[in-house]
Amino acid sequence: MRVKLVPGMMLIVALHAGIQGALAAEEGDLTGMTGAHNTVRAGLGLPEVAWSDELAEFARDWAQYLSDHNRCRLKHRPHEGKDAPRYGENLYWAGAVQLSTGARAAQRITPHHVVSAWVSESQHYNHEKNRCRWGKKCGHYTQVVWKNTRRIGCGMASCPDQSQIWVCNYDPPGNYAGQKPY
């Protein structure tokens, strides 16, 4: 079968061909996560990342596991065994708010809020020396801006106490010892 390409028809051909990678998009509370990452990356002249439904499912599964089996405490995936991570990973926890009635409620957290928290670590990163300031963290930031990362996927789980766990996975992963993120 021969396909004649006409202006404006490329997307239709791609849809019929079953190409879904470019069509993946965040849903619900995660809407805007890719944009939040790409805004930071653009400021450094880095290539954009694309949303991956595969990575989002991977991240969502881990967030749900932490909610269900780890009493909503943050913990990175184990680094050995058959479930060893093949992706980079950032974690974020948001506690519940206490209402005047004594009830607890979930905070309204946005992807921009989550990414901004990770990127706030940039103040502790020394690019020239490629390290964090003594006693400070900056690995969440360097994962967000890792130049070779091309795909991200994120998930969120609500905990019984109304806190939240957010997980983002990155492919390829970053934070390799001795390598600069950008």
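*Asks:* Can you break down the packing of aromatic side chains residue by residue, with the values?
*Replies:* Enumeration over the complete set of coordinates arrives at four aromatic pairs. Aromatic pair Tyr125 and Tyr141: ring centres 6.1 Å apart, planes at 55 degrees, arrangement tilted. One end of the pair, Tyr125, is in strand β5 (residues 125-126); the other, Tyr141, is in helix α5 (residues 139-144), with 16 residues separating them in the sequence. Tyr125 sits in the buried class, given a relative accessible area of 11%. The ring of Phe58 has Arg77 lying over it, and the distance from NZ or CZ to the ring centre is 3.6 Å.

*Asks:* Break down the state of the cysteines for me, citing the residues and quoting the values.
*Replies:* Considering all chains together, one arrives at three disulfides under this definition. Paired by a disulfide, Cys72 and Cys159 hold their sulfur atoms 1.7 Å apart. Judged by the sign of its S-S torsion, about -110 degrees, the bond between Cys72 and Cys159 is left-handed. Note that Cys72 is positioned in the loop between α3 (53-69) and β2 (88-94) and Cys159 in the loop between β7 (151-158) and β8 (164-171), a separation of 87 residues in sequence. Judged on exposure class, the residue Cys72 and its partner Cys159 are both buried.

*Asks:* So what about the layout of surface pockets? Which residues, and what values?
*Replies:* Any empty space left between atoms is shown by rolling a water-sized probe over those atoms. The computed volume of the largest pocket comes to approximately 250 Å³. Along the wall of the largest pocket there are 16 residues; nearest its centre are His76, Gly88, Glu89, Gln143 and Asn175. When residues of the lining of the largest pocket are traced back to their parent elements, those giving at least two are β2 and α5. When grouped by side-chain class, the residues that make up the lining of the largest pocket number four nonpolar, nine polar and three charged.

*Asks:* Explain helix α2 (residues 33-43) residue by residue, including any values.
*Replies:* Those residues of α2 not exposed but buried are Met33, Thr34, Ala36, His37, Asn38 and Arg41. Each element contacted by the buried residues of α2 is listed here: β1 (50-51), α4 (111-119), α5, β7 and β8.

*Asks:* So, the pattern of salt bridges: which residues are in play, and what are the values?
*Replies:* Between side chains of opposite charge, pairing is possible as soon as their charged atoms come close. Inspection of every chain in the model, using the stated rule, returns four salt bridges. A salt bridge links Arg108 to Asp29, with the shortest nitrogen-to-oxygen separation between them at 3.7 Å. Of this pair, Arg108 sits in the loop between β4 (104-105) and α4 while Asp29 is found in the loop between α1 (10-16) and α2, placing the two residues 79 residues apart along the sequence. The class of Arg108 is exposed, set by a relative accessible area of 64%. For Asp171, the salt bridge identified is with Arg151, shortest N-O distance 2.9 Å. With Asp171 in strand β8 and Arg151 in strand β7, the pair connects residues that are 20 residues apart, well separated along the chain. Classification of Arg151 by relative accessible area gives partly exposed; the value is 25%.

*Asks:* Describe the pairing of β7, and please don't skip the residues or the numbers.
*Replies:* Side-chain direction in a regular strand flips from residue to residue, so the side chains alternate between the two faces of the sheet. Across the eight residues of β7, six count as buried, placing the element largely inside the fold. Bridge count between β1 and β7: two bridges; the pairing is parallel. Residue pairing for β7: Ala50 is matched across the bridge by Arg151. As defined by bridge partners, β7 adjoins β8 across eight bridges and the pair is classed as antiparallel.

So, how was this worked out
- Residues numbered from 1 in each chain as written.
- Predicted model: local features only at pLDDT ≥ 70, side-chain atom pairs only at ≥ 80, totals over all residues.
- Heavy atoms only, no water.
- Phe/Tyr/Trp six-rings, centres within 6.5 Å; stacked < 30°, edge-to-face > 60°.
- Helix = DSSP H or I, 4+ residues; strand = E, 2+ residues; numbered from the N terminus.
- Buried < 20%, exposed > 50% of the residue type's maximum accessible area, 1.4 Å probe, protein only.
- Lys NZ or Arg CZ within 6 Å of the ring centre and 35° of its normal.
- Disulfide = S-S within 2.5 Å.
- 1 Å grid on protein atoms, 1.4 Å probe; cavity = no way out; pocket = protein on both sides within 12 Å on 5 of 7 lines; lining within 4 Å.
- Points joined across faces, edges and corners; volume = space filled by probe spheres on them.
- Nonpolar A, V, L, I, M, F, W, Y, C, P; charged D, E, K, R; others polar.
- Contact = heavy atoms within 4.5 Å.
- Salt bridge = Lys/Arg side-chain N within 4 Å of Asp/Glu carboxyl O.
- Pairing = 2+ DSSP bridges.

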